[in-house]
Amino acid sequence: MPKIRSRKAISKTNESQTHAIRFNTGVGQHVLKNPLIVTSMVDKAALRQTDVCLEIGPGTGNMTVKLLEKVKKVIACEVDPRMVAELQKRVQGTPLCSKLQVVVGDVLKTDLPFFDVCVANLPYQISSPFVFKLLLHRPFFRCAVLMFQREFAERLVAKAGDKLYCRLSVNTQLLARVDMLMKVGKNNFRPPPKVESSVVRIEPRNPPPPINFQEWDGLVRICFTRKKQNIGGFLQTK
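Presented here is an overview of the structure given in this document. (Residues numbered from 1 in each chain as written. Predicted model: local features only at pLDDT ≥ 70, side-chain atom pairs only at ≥ 80, totals over all residues. Heavy atoms only, no water.)

**Concerning the overall build of the chain**
Phase 1: For the chain, the helix and strand inventory stands at nine helices and nine strands.
Phase 2: Across the 238 residues of the chain, 45% fall into the buried class.
Phase 3: Within the chain, contacts between residues at least 6 apart in sequence are counted, and of these 68% link residues at least 24 apart.
Phase 4: Working note: accessible area of the chain is about 12,700 Å², and carbon and sulfur atoms make up 53% of it. (Helix = DSSP H or I, 4+ residues; strand = E, 2+ residues; numbered from the N terminus. Buried < 20%, exposed > 50% of the residue type's maximum accessible area, 1.4 Å probe, protein only. Contact = heavy atoms within 4.5 Å. Areas by Shrake-Rupley, 256 points an atom, 1.4 Å probe, with all protein chains shown as cover.)

Structural data, given as structure tokens:
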């Protein structure tokens, strides 16, 4: 009969492994090391025991383990085979192992599976394309709790008239309700990134607005590239 490791043993093993790994910051590998922030993100997602949870960029599994303790299944998408090996090693021989599915590859090039909730400390360079991949995904998910670079998060929640209000703000708020949850300092990561971070909660509007999103996005793009022109007059000429 295989030996079942305790959660304390899992934590100690992972801590020593994390220090031994050389993280690739060029692809956004900044592991969230503060357990209080991990726990807070998981709590803000209001998870249910019957949920399937999607996680992007699980790294060494600090958040993954917390999610596995709360839900029926976690689908973790990871592009780095080294991180996949560390994650699988972390839960191997534990009751959590059977609840984890790992998808290896670039999430932007992968069809998203069915899921109820998404919780992730995202690689920041995929933030914008992933948000729209998420919001256009069907069937609808309940909510997403995501870590972003702070300026990107502030653009997501910016209102008309704000300095950071932009095409991203308009399109995201058209498709979802977006709320800023907390600010996270760079020292809560290993290795620390060069920027500050924030956590945002996204709830898709269901039903969605009755528009062709591609046509709408084209119109919004024109509006923001011609901000100093009379948009009404420009549209009339078209």
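**Looking at the environment of K99**
Phase 1: Topologically, K99 is positioned in the loop between α4 (81–91) and β4 (100–104).
Phase 2: In this structure K99 touches L68, E69, V71, K72, K73 and V74, once residues within four positions along its chain are discounted.

**As for the pattern of salt bridges**
Phase 1: Using the criterion set out here, one finds eight salt bridges in the structure.
Phase 2: Between R201 and E203 there is a salt bridge, and its shortest N-O distance comes to 2.9 Å.
Phase 3: Note on R201: relative accessible area 18%, which makes it buried.
Phase 4: Put simply, R167, D217 and R221 are held in one network by salt bridges that share partners. (Salt bridge = Lys/Arg side-chain N within 4 Å of Asp/Glu carboxyl O.)

**Re the nonpolar core**
The nonpolar side chains of soluble globular proteins are, as a tendency, buried together.
Phase 1: In terms of nonpolar packing, the biggest core is built from 33 residues, with I56, F130, L134, L146 and F148 touching the most fellow members.
Phase 2: The greatest single-element share of this core, amounting to five residues, is contributed by helix α5 (residues 127–135).
Phase 3: In this view, F148 contacts L122, Y124, S127, V131, A153, L156, E196, S197, S198 and V200; residues no more than four positions away in its chain are not counted.
Phase 4: Residues C53, M63, L87 and V91 belong to the second largest nonpolar core, which totals 29 residues. (Core = buried A, V, L, I, M, F, W, Y, C linked by side-chain atoms within 4.5 Å.)

**Quick notes on the side chain of Q173**
Phase 1: With respect to the helices, strands and loops of the structure, Q173 is situated in helix α7 (residues 167–175).
Phase 2: For Q173, the contacting residues outside a window of four places in its chain are L156, V157, A158, K159, V178 and R205.

**Digging into unusual backbone geometry**
Phase 1: Omega for the peptide link from R138 to P139 comes to 0°, which places this bond in the cis form.
Phase 2: Residues R190 and P191 are joined by a peptide bond in cis, for which omega reads -15°.
Phase 3: Within the secondary structure layout, P191 lies in the loop between β8 (189–190) and β9 (197–204).
Phase 4: Positive phi, normally seen in glycine, also occurs at A46, with a value near 50°.
Phase 5: By the element assignment, A46 lies in the loop between α2 (35–44) and β2 (52–56).
Phase 6: With a relative accessible area of 45%, A46 lands in the partly exposed category.

**Structural notes on the sheet that holds β9**
Phase 1: Ordered in space as β4-β3-β2-β5-β6-β9-β7, the seven strands form an open sheet in which the pairing is mixed. Each of the sheet's edge strands pairs with one partner strand only, and the pair in question is β4 and β7 (176–184). The mean inter-strand angle of the sheet, taken between neighbouring strand axes irrespective of direction, is 20°.
Phase 2: Each of β3 (73–78) and β4 touches α4; the most contacted strand, β4, lies at about 170° to it. (Pairing = 2+ DSSP bridges. Axes fitted to C-alpha atoms, helices over the stretch in contact; angles between N-to-C directions.)

**With respect to the packing of aromatic side chains**
Phase 1: Scanning all chains against the criterion turns up four aromatic pairs.
Phase 2: Relative to F152, the ring of F148 lies with its centre 5.0 Å away and its plane at 50°, an arrangement referred to as tilted.
Phase 3: For F148, a relative accessible area of 0% translates into the label buried.
Phase 4: Accessibility expressed as a relative area gives 14% for F152, which makes it buried. (Phe/Tyr/Trp six-rings, centres within 6.5 Å; stacked < 30°, edge-to-face > 60°.)

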